Amino acid sequence: MTQHAGGGQAAYRRGLVAACAIGMGASWNVANVGALAATVADHYGIALATVGLFTTVLFLAELGSMLSVGRLIDRLGPRRIGAVALALTIVGNAGTLLVDDLVPALALRTIVGVGAGSGFIAGTAYVSKLGGTALAQGMYGGVSLSAGGIAIALIPSLDGALGWRAPFITAVAASLIAAVALLFGPPTAANPGHVETPLRALLLDNRILRFAAVQSAAFGLGIVLSNWVVTILERRGGVSDETAGAIGALIFIMGIVARPLGGLFATRRPDRARALFACGMLVGAAGTLLIGFARPISVAVAGAVLLGIATGLPFGATVTGLARAFPGAPGTAFAVANVYAIALIVVGTPLVGLTFSLPGDGLIGFVAAAALWTLTVAALPHTESLSEAPKATA
């Protein structure tokens, strides 16, 4: 039985609530602007496509800060860095409310990106420090992912009352609520004396590379493809914006469900976690192809369901596997793995977009993504990296 850090079950539960709150406060920022893209575009006087810069800048900021943040989390403790991350998202979003020009808004979005990336990594490290299992990590991942779904559902209804400010006011509110929850979370021990492995060695570490391959497929490809689901269903499936959006939302909904379910399976059957990974990759490939072909509509719906399941299943086992491999530096290990996933998002999203100008209206991009899902099976972590739960280190 896993021994929980921090002094018992009550502290463990408070810690999980605090970690999930950090994850929600951070992840809200991934979807908040896109949820009201047309209104934001009108406010800044820009084309609708240009609103995508808010997402691009966010992920570029995450990519640029991820490795340093991982180090700080392991050195100072995830609870402290989680608090700093929430403060950054509050400052960035509140500042955006005070400017009317695109350039300073994007500069503030960079601050939000650093906070969002830091918060998500701090949340997973917090769960690891508490001695959380793959199930606990899966629950954390599902709750964090739900923030995007809630933002997409809630923010459009606030257009009339708040207008273009709605994405940023709600983001401030989400982070403030998370900060209150964090006050009740148990402290985690700092580790200033930890001997840090050079980042170059970590980036090339075979254990991390294998987990990074899984994270890049499940998280990276999931984000890339979700950006283009509506477009490909409109062009190839001939469906309305509303129908395409509803089908695309299934990816997030199924991911929310699949993350804790995958974590539960990995907790109860760690000897079968590698098979879980393989299943997730192949299901992802199948779902991607079904969405790419888009017709009939039932095929697209099935594809979205499968893709959502694939994006969620590996999360819990990925985080706990990395924590087991690097018990003294779970934040750094997951941050390094995430670098590859975010790099794929930054590069892959425009590349798939370019395939809409080629024959097939985007099908080539989705077929290529399905091939990447399948190839990842050859790079899965070894069974021994997945067969034991991480030990509490706080």
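Check the entry above for the structure.
This report concerns the structure included in the present document. (Residues numbered from 1 in each chain as written. Predicted model: local features only at pLDDT ≥ 70, side-chain atom pairs only at ≥ 80, totals over all residues. Heavy atoms only, no water.)

### A look at the overall build of the protein
Thought 1: Each helix and strand counted, the protein has 17 helices and zero strands in total.
Thought 2: What you see for the protein is a C-alpha radius of gyration of 20 Å, in line with the 21 Å of a compact globule of 394 residues.
Thought 3: If you line up the protein on its principal axes, its C-alpha atoms span 55 × 50 × 35 Å.
Thought 4: In the protein, of all internal contacts separated by at least 6 residues, the share reaching a separation of at least 24 is 85%.
Thought 5: Surface accessibility of the protein: about 15200 Å² in total, with carbon and sulfur atoms responsible for 69%.
Thought 6: Where the 22 positive side-chain charges of the protein centre and where its 15 negative ones centre are 13 Å apart. (Helix = DSSP H or I, 4+ residues; strand = E, 2+ residues; numbered from the N terminus. Rg over C-alpha atoms; globule rule 2.2 N^0.38 Å. Contact = heavy atoms within 4.5 Å. Areas by Shrake-Rupley, 256 points an atom, 1.4 Å probe, with all protein chains shown as cover. Lys, Arg positive; Asp, Glu negative; His and termini not counted. Charge placed at Lys NZ, Arg CZ, Asp CG, Glu CD.)

### Considering the packing of aromatic side chains
Thought 1: Going through the model one piece at a time under the given rule, you end up with nine aromatic pairs.
Thought 2: Taking the centre distance of 6.2 Å and the plane angle of 45° together, the rings of F120 and F334 count as tilted. Of this pair, F120 sits in helix 5 (residues 102–129) while F334 sits in helix 16 (residues 330–354), and the two are 214 residues apart along the sequence.
Thought 3: Given the relative accessible area of 15%, F120 is considered buried.
Thought 4: With a centroid separation of 5.4 Å and 40° between ring planes, the pair formed by W228 and F356 is classed as tilted. (Phe/Tyr/Trp six-rings, centres within 6.5 Å; stacked < 30°, edge-to-face > 60°. Buried < 20%, exposed > 50% of the residue type's maximum accessible area, 1.4 Å probe, protein only.)

### Quick word on unusual backbone geometry
Thought 1: The peptide bond linking R295 to P296 adopts the cis configuration, its omega dihedral lying at -10°.
Thought 2: Looking at the element boundaries, P296 is found in the loop between helix 13 (273–293) and helix 14 (297–312).
Thought 3: In this structure, A294 is a non-glycine residue whose phi angle is positive, near 70°.
Thought 4: You can see A294 is positioned in the loop between helix 13 and helix 14.
Thought 5: We note that D361 has phi near 50°; this positive angle belongs to a residue other than glycine.

### As for the pattern of salt bridges
Thought 1: Here the structure, examined in full by the defined rule, presents three salt bridges.
Thought 2: As a salt-bridge pair, R207 and D205 come within 3.1 Å of each other at their nearest N and O atoms.
Thought 3: Residue classification places D205 among the buried positions, given a relative accessible area of 16%.
Thought 4: In this structure, D361 engages R235 in a salt bridge whose closest nitrogen and oxygen atoms are separated by 3.9 Å. Separated by 126 residues along the polypeptide, D361 in the loop between helix 16 and helix 17 (363–375) and R235 in helix 11 (residues 229–236) bring together distant segments of the chain.
Thought 5: By relative accessible area, R235 is classed as partly exposed at 45%. (Salt bridge = Lys/Arg side-chain N within 4 Å of Asp/Glu carboxyl O.)

### Let's talk about helix 17
Thought 1: A rise of 1.5 Å per residue sets the reference length of helix 17, with its 13 residues, at 18 Å; its end C-alpha atoms lie 18 Å apart and thus fit the reference within 8%.
Thought 2: Looking at the packing, one finds that the buried side of helix 17 touches helix 10 (206–226), helix 11, helix 13, helix 14 and helix 16. (Expected span 1.5 Å × (residues − 1).)

### Quick look at a nonpolar patch on the surface
Thought 1: A cluster of nonpolar residues, V180, L183 and F184, forms a patch on the protein surface that exposes about 350 Å² of accessible area.
Thought 2: Of note, L183 is situated in helix 8 (residues 166–183).
Thought 3: Classification of L183 as exposed rests on a relative accessible area of 64%. (Patch = residues over 30% accessible without salt bridge, like charges linked within 9 Å, V, L, I, M, F, W, Y side chains within 5 Å.)

### Considerations on helix 12 (residues 241–268)
Thought 1: Between its terminal C-alpha atoms helix 12 stretches 41 Å, which fits the 40 Å expected from 28 residues at 1.5 Å a residue.
Thought 2: At A258, helix 12 shows its largest kink, close to 25°, and the proline P260 lies no more than four residues downstream.
Thought 3: Of all the residues in helix 12, the buried ones are A244, I247, G248, I251, G255, A258, R259, G262, G263 and A266. (Bend = angle between axes of the 7 residues up to and from the residue.)

### Looking at the packing of helix 6 (residues 134–154) against helix 12
Thought 1: At their nearest, the axes of helix 6 and helix 12 sit 7 Å apart, and the two run at 175° to each other. Here helix 6 is positioned roughly antiparallel relative to helix 12, judged by the angle of their axes. The residues of helix 12 that touch helix 6, namely those facing A134, L135, G138, M139, G141, G142, L145 and S146, are F252, G255, I256, R259, P260, G263, L264, A266 and T267.
Thought 2: Class assignment for the residues of the contact of helix 6 with helix 12 results in nine nonpolar, seven polar and one charged. (Axes fitted to C-alpha atoms, helices over the stretch in contact; angles between N-to-C directions. Parallel < 35°, antiparallel > 145°, perpendicular 65-115°, else oblique. Nonpolar A, V, L, I, M, F, W, Y, C, P; charged D, E, K, R; others polar.)

### Quick notes on the environment of L36
Thought 1: Relative to the assigned elements, L36 resides in the loop between helix 1 (9–31) and helix 2 (37–44).
Thought 2: Each C-alpha atom of the pair L36 and R14 lies 34 Å from the other, and the pair is 22 residues apart in sequence.
Thought 3: Excluding residues that lie within four positions of it along the chain, L36 makes contacts with I155, P156, D159, G163, A166 and P167.

### Observations regarding the environment of L209
Thought 1: Structurally, L209 is set in helix 10.
Thought 2: Overall, the relative accessible area of 32% leaves L209 in the partly exposed class.
Thought 3: Spatially, the C-alpha atoms of L209 and G222 are 18 Å apart, while their sequence positions differ by 13 residues.
Thought 4: Among residues more than four places away in sequence, those in contact with L209 are L203, L204 and Y340.

### Remarks on the packing of helix 10 against helix 16
Working note: a packed helix pair is described by the angle between its axes plus the distance between those axes.
Thought 1: Two numbers describe how helix 10 lies on helix 16: the axes approach to 8 Å, and their chain directions differ by 40°. In terms of orientation, helix 10 lies oblique with respect to helix 16. Between helix 10 and helix 16 the crossing geometry is right-handed.
Thought 2: Considering only residue class, the contact of helix 10 with helix 16 consists of 17 nonpolar, six polar and no charged. (Left-handed = near helix turned anticlockwise from the far one by under 90°.)

### A look at the side chain of T355
Thought 1: Within the fold, T355 resides in the loop between helix 16 and helix 17.
Thought 2: For T355, a relative accessible area of 9% corresponds to the buried category.
Thought 3: At a separation of 2.5 Å, a polar atom in the side chain of T355 contacts the main-chain carbonyl oxygen of V352. (Polar contact = N/O pair within 3.5 Å; in protein donor to acceptor, adjacent residues only side chain to side chain.)

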